[in-house]
Every structure is written in C-alpha cells, then in structure tokens.
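Take a look at the letters that make up each chain.
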Amino acid sequence: MKAFVYSFLLCTALLSIHLWCPVTATSMQNETDRLGLIAFKTGITYDPLGMLNSWNDSLHFCRWSGVSCSRRHVHRVTGLNLFSYGLVGSVSPHIGNLTFLRRIALQNNSFHGKVPSEISGLFRLQVLVLSNNSFEGKVPTNLTYCLELRELDLMGNELEGKIPEELGSLSKLNFLGLTQNNLAGKIPTSLGNLSSLTLLSAAYNNLEGSIPEELGRTRLDFIQLGFNKLTGTVPSSLYNLSNLRYLVLGTNQLEGSLSQDMGVALPHLRLLRLATNRFTGSILVSLSNASMLEFILLLNNSFTGQVPPNLGRLQNLRAITMAMNQLAE
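Residues numbered from 1 in each chain as written. Predicted model: local features only at pLDDT ≥ 70, side-chain atom pairs only at ≥ 80, totals over all residues. Heavy atoms only, no water.

Asks: An account of the packing of aromatic side chains is requested, with residue identities and associated values reported.
Replies: Counted under the stated rule, the structure contains 8 aromatic pairs. Ring centres of Phe40 and Phe111 lie 6.2 Å apart, and the angle between their planes is 45°; this geometry places the pair in the tilted category. Of this pair, Phe40 sits in helix H2 (residues 25-42) while Phe111 sits in strand S6 (residues 110-114), placing them 71 residues apart in sequence. Across the pair, Phe111 and Phe40 agree in class, each one buried. With a centroid separation of 6.2 Å and 10° between ring planes, the pair formed by Phe111 and Phe135 is classed as stacked. On the criterion of sequence distance, the pair formed by Phe111 in strand S6 and Phe135 in strand S8 (residues 134-138) is long-range, its members being 24 residues apart. The two residues Phe111 and Phe135 agree in class, both being buried. Over the ring of Phe100 we find Arg124; its NZ or CZ atom is 3.8 Å from the centre of that ring. (Phe/Tyr/Trp six-rings, centres within 6.5 Å; stacked < 30°, edge-to-face > 60°. Helix = DSSP H or I, 4+ residues; strand = E, 2+ residues; numbered from the N terminus. Buried < 20%, exposed > 50% of the residue type's maximum accessible area, 1.4 Å probe, protein only. Lys NZ or Arg CZ within 6 Å of the ring centre and 35° of its normal.)

Spelled out as structure tokens, the structure:
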C-alpha cells in the first residue's frame, strides 16, 4: 500500500511537468477492486477449505480463488464465484465498490445478516445467486437499480416481508427464485411486466391471495408456488403459457375446476402437481394430449367422475396419484 501511495504521489509530481506516468486512474480503480475484495474477505469468519488462502499480496487479485476479471477492462473484477465452500460470515457492503461485477455466486454457504443494499450500485450485474444461506431481513427493493439482472436466486434463506412490487421493473429478469423463505403477502401483479421471465419459484413461504392473471404475459415454463396459502382459481391466462413444462401449485387453498383444454393448451407439460387443494370437477381427458407428461399429482382434492382411460397412452408417464378424491371406482 505504501508503495502504491508513493508511486501515485510521484506520478502527480511528474504530471505537473507533462511527463507520462503509468500509475493513472486505471491503477486507482484497480486498487478500489482489490480493497473491495479484501473487505469481503474480512467479513468471512470461517473458511474450512482454505479457499481464500490465495487472497494475499503474493498473487494479483485477478488470480485469487473464485475471482474473475475482465479481458476488455484490464484488472476489473467481473465475477465472484465462491459457492459450496462452507464459508461462514456476512457480505461486506464494500462489495458495492466492485462496479464491474456481472456475476455474484455465493450459494450453498453459511452467510448471514442482510443482503447488502450496496449491491444496488452494481449496474452491470447480471447474476445474483445467494441461495441456501441464512440471509435475513427483507428482499432489498433497490435491487431494481440492477437493470441488467437476469437471474435473482434467493432461495433457501430466512428472508421475510413481502415480495417487492419493484421487481417488476427488472425487464431482463428470466429467473426469480424465492422458495424456502418466510415471505408473506400477495404475489405482486407487477411480475407480469417481466416479459422475459421463464422461471418463478416461490414455494414454501406464507404467500396468500390469488395467483395474478398478469403472469400469463410472461414466458414462464416453470411455475413453483406450492406450500403457501394461495386462494382462488388457476388464472385462465396461465393456459396461454404454451411452453409451460412444470406447474407446481400443491398444498395451497386453490379451488374451482381446471380448463377442459389444459392438455391441448399446455402440450409441453412434464409435471402437474396440484395435490392438497380444493379443486373440483372431472379429471381432464385432454391431459392425454400432453404427451411429455411424466408426473400427474392430484391427490387430496375434490375431483369427481372417472379416471380417463386414455391417460394410459402417455408413454413418458412415471407416476400418477389421485387418491383422496371423490372418483368413481
């Protein structure tokens, strides 16, 4: 550090007499990134695999374990990939100084505390994966400043509060993972603005209210909202999601009958899990048109009538459960 300060002061003096100097603003930016990484390391209290042992002055920080740097912008940190290393600690707010970050992957560790609000300053960030840790507090609403964000994975934490309406402004988001937290309230209708969204996973929370019709405006092919307190019916707009492969709504308080054309409208369906709700009506004959179906899980509802024999034509079917209904024998 003393050497850097000395070089910088010397260059300042040389610049005053119009001499070129290699220690410029770029060097200062590089130092900002190095100090940001050092601050991140300071927040780690336990590193069982010694993954951060390389984080010292014997190596340039672009060669530190889990750190990726840009080829275009020399020595600017673009990736922090430290997943599944058993790390314990909190994430330093100084992570917000790594302004060239495009990817943060810290899943499968034991980070705790709040998700730093300073991440909102990372306007180049495309991937934020913090799943399977112990983060607490609320989902930061100012993440919406990260307009390049494609993947937001906060599954398997201890987050509480509501799903922020503001997430609906992340126009490039295609993956939203919120499963296994303590989130409550309604699913924001603003998520329907996410025209690129292909995966929505918010199971195992305390969400209530109805499933928004607006979700039918997305490109969802994976919907996982099971194990909540959702009420109402399956929105008719969901049958417009012709690429939908996984529909998981089990263990809620949903009711009503399903569209008779479900199997035609959703031909790519692989998993249909509606168990433990209050659905009524007959088992859909049209499901036989969804030739890729592997799992049909409808137990513990109030379906009536007979099981359509043409479901036997589903060659990929691996499991079908319809117990605890009112079906004819």
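Asks: Could you give an account of the state of the cysteines, naming the residues involved and the relevant values?
Replies: Applying the stated criterion across every chain yields a total of 1 disulfide. A sulfur-sulfur separation of 2.0 Å characterises the disulfide bridge that pairs Cys62 with Cys69. Disulfide Cys62-Cys69: the torsion about the S-S bond is -90°, which places it as left-handed. Exposure remark for Cys69: the relative accessible area of 22% places this residue in the partly exposed category. Of all cysteine sulfurs, the one in Cys69 lies closest to Cys146, which takes part in no disulfide; the gap is 20 Å. Taking relative accessible area as the criterion, Cys146 reaches 0% and is therefore assigned buried. (Disulfide = S-S within 2.5 Å.)

Asks: Explain the sheet that holds strand S11 (residues 175-177) residue by residue, including any values.
Replies: Spatially, the 12 strands line up as an open sheet ordered S2-S3-S5-S7-S9-S11-S13-S15-S17-S19-S21-S23, and their pairing is mixed. Two strands in the sheet have a free side with no partner beyond their single neighbour: strand S2 (67-69) and strand S23 (319-321). Along the sheet, successive strands turn relative to each other by an average axial angle of 10°, direction set aside. Pairing analysis gives 3 bridges linking strand S21 (residues 295-297) to S23, with the strands arranged parallel. Following the sheet pairing, Leu297 is matched in S23 by Thr321. (Pairing = 2+ DSSP bridges. Axes fitted to C-alpha atoms, helices over the stretch in contact; angles between N-to-C directions.)

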